[in-house]
Amino acid sequence: DSGVTQTPKHLITATGQRVTLRCSPRSGDLSVYWYQQSLDQGLQFLIQYYNGEERAKGNILERFSAQQFPDLHSELNLSSLELGDSALYFCASSVSGGEGREQYFGPGTRLTVT
Amino acid sequence: GEDVEQSLFLSVREGDSSVINCTYTDSSSTYLYWYKQEPGAGLQLLTYIFSNMDMKQDQRLTVLLNKKDKHLSLRIADTQTGDSAIYFCAEDTGRRALTFGSGTRLQVQP
């Protein structure tokens, strides 16, 4: 158990809908990262927050957004969902936002868009 | 550019050593990581190595880094059936996100 929690574990929804994925980092970690894992794209970095502020952006679509709240939990919002958005979404956390910090991953949320 | 490559599959017999290889292209990588993913689970951090090191040993795991060739390897001694999983290498270039390889599926045969 990494100490990072994600809810829900599974989510099934229809195209065009909007969903929110939630992540709670390990106690004491200030940085949260979101990754998408799919069969064709592999594991791709989406976005990072550090202590409530956006720190880095990766291959995140405009239909997707995220935020980190004062209690440090984070939410990833996915809207206008398409079939291709079906994937595993992971959240990871680390103590700081800089390099050389181990990232600890949550168990993931499996999103299925039908 | 950033690119991390791994072979897709490795099969070994229980008790043998496994060697999983990874190549990366960004010479500014400062930390390199190995993660393990079991079916239906998240990624578990196994070990990491700082770029000024050549080798790091942690129980059954040995990480070798050849900076000149940008080659990283993970050796698992006395491989067990519980080691069957997908292993990902990842590089940290200081851009605050990890770049992952495509993963190597390790199959351990009894």
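The coordinates are above.
Criteria and thresholds
Residues numbered from 1 in each chain as written. Chains lettered and ligands numbered in written order. Predicted model: local features only at pLDDT ≥ 70, side-chain atom pairs only at ≥ 80, totals over all residues. Heavy atoms only, no water. 1 Å grid on protein atoms, 1.4 Å probe; cavity = no way out; pocket = protein on both sides within 12 Å on 5 of 7 lines; lining within 4 Å. Points joined across faces, edges and corners; volume = space filled by probe spheres on them. Helix = DSSP H or I, 4+ residues; strand = E, 2+ residues; numbered from the N terminus. Nonpolar A, V, L, I, M, F, W, Y, C, P; charged D, E, K, R; others polar. Contact = heavy atoms within 4.5 Å. Buried area = accessible area lost by both parts, 1.4 Å probe. Salt bridge = Lys/Arg side-chain N within 4 Å of Asp/Glu carboxyl O. Polar contact = N/O pair within 3.5 Å; in protein donor to acceptor, adjacent residues only side chain to side chain. Phe/Tyr/Trp six-rings, centres within 6.5 Å; stacked < 30°, edge-to-face > 60°. Disulfide = S-S within 2.5 Å. Buried < 20%, exposed > 50% of the residue type's maximum accessible area, 1.4 Å probe, protein only.

**Q** Requested: an account of the layout of surface pockets, with residues and values cited.
**A** Considering only enclosed or pocket space, the largest pocket measures out at about 560 Å³ in volume. What lines the largest pocket is a set of 25 residues, among which A:Gln37, A:Leu39, B:Gln37, B:Ile86 and B:Arg105 lie closest to the centre. Elements with a minimum of two residues in the lining of the largest pocket: strand S4 (31-38), strand S5 (42-50), strand S9 (87-94) and strand S11 (109-113) of chain A together with strand S9 (85-92) and strand S11 (104-109) of chain B. Of the residues that constitute the lining of the largest pocket, the class distribution is 11 nonpolar, 11 polar and three charged.

**Q** Residues and numbers for the interface of chain B and chain A, please.
**A** At the interface, 19 residues of chain B touch 20 residues of chain A. Across the chain B/chain A interface, buried area totals approximately 1,500 Å², and carbon plus sulfur atoms make up 59% of it. Our count for the chain B to chain A interface comes out at zero salt bridges. Summed over the shared surface of chain B and chain A, the number is three residue pairs in polar contact (both at pLDDT 80 or more). For the side of chain B that touches chain A, the elements supplying multiple residues, two or more each, are strand S4 (31-37), strand S5 (43-50), S9 and strand S10 (98-100) of chain B. Residues belonging to the side of chain B that touches chain A are distributed by class as follows: 11 nonpolar, five polar and three charged.

**Q** Provide a residue-level description of the side chain of B:Asp83, including the pertinent values.
**A** All names here are of chain B. With respect to the helices and strands, aspartate 83 occurs in the loop between strand S8 (71-76) and S9. There is a polar contact of 2.8 Å between the side chain of aspartate 83 and the backbone nitrogen of glutamine 80. Residue contacts for aspartate 83: discarding those within four places in its chain leaves Lys36, Arg60, Ile76, Asp78, Leu106 and Val108.

**Q** Give me the side chain of B:Thr62: which residues, what numbers.
**A** Inspection of the secondary structure puts B:Thr62 in strand S7 (residues 61-66). Excluding anything up to four places from it in sequence, B:Thr62 contacts B:Met55, B:Lys56, B:Gln57, B:Ser73, B:Leu74 and B:Arg75.

**Q** Which residues make up the packing of aromatic side chains, and what are the values?
**A** Under the definition given, this model contains 14 aromatic pairs over all chains. Between A:Tyr35 and A:Phe105 the ring centres are 5.2 Å apart and the planes differ by 35°, which places this aromatic pair in the tilted class. Here A:Tyr35 is found in strand S4, whereas its partner A:Phe105 is found in strand S10 (residues 104-105), with 70 residues between them in sequence. Judged by centre distance (5.6 Å) and plane angle (55°), the rings of B:Tyr35 and B:Phe100 are tilted. With B:Tyr35 in strand S4 and B:Phe100 in strand S10, the pair connects residues that are 65 residues apart, well separated along the chain.

**Q** Please provide a residue-by-residue account of the state of the cysteines, values included.
**A** Counted under the stated rule, the structure contains two disulfides over all chains. What pairs with A:Cys23 in a disulfide is A:Cys91, and their sulfur atoms sit 1.7 Å apart. Between A:Cys23 and A:Cys91, the S-S dihedral sits near -45°, and the bridge is therefore left-handed. Of the two residues, A:Cys23 is situated in strand S3 (residues 19-24) and A:Cys91 in strand S9; the sequence distance between them amounts to 68 residues. Of the two residues, A:Cys23 and A:Cys91, both sit in the buried class. Here B:Cys22 connects covalently by a disulfide to B:Cys89, the sulfurs 1.9 Å from one another. Here the disulfide of B:Cys22 and B:Cys89 is right-handed, its torsion about the S-S bond being about 65°.

So, to be careful, I would describe these as geometric facts and stop short of saying anything about function.
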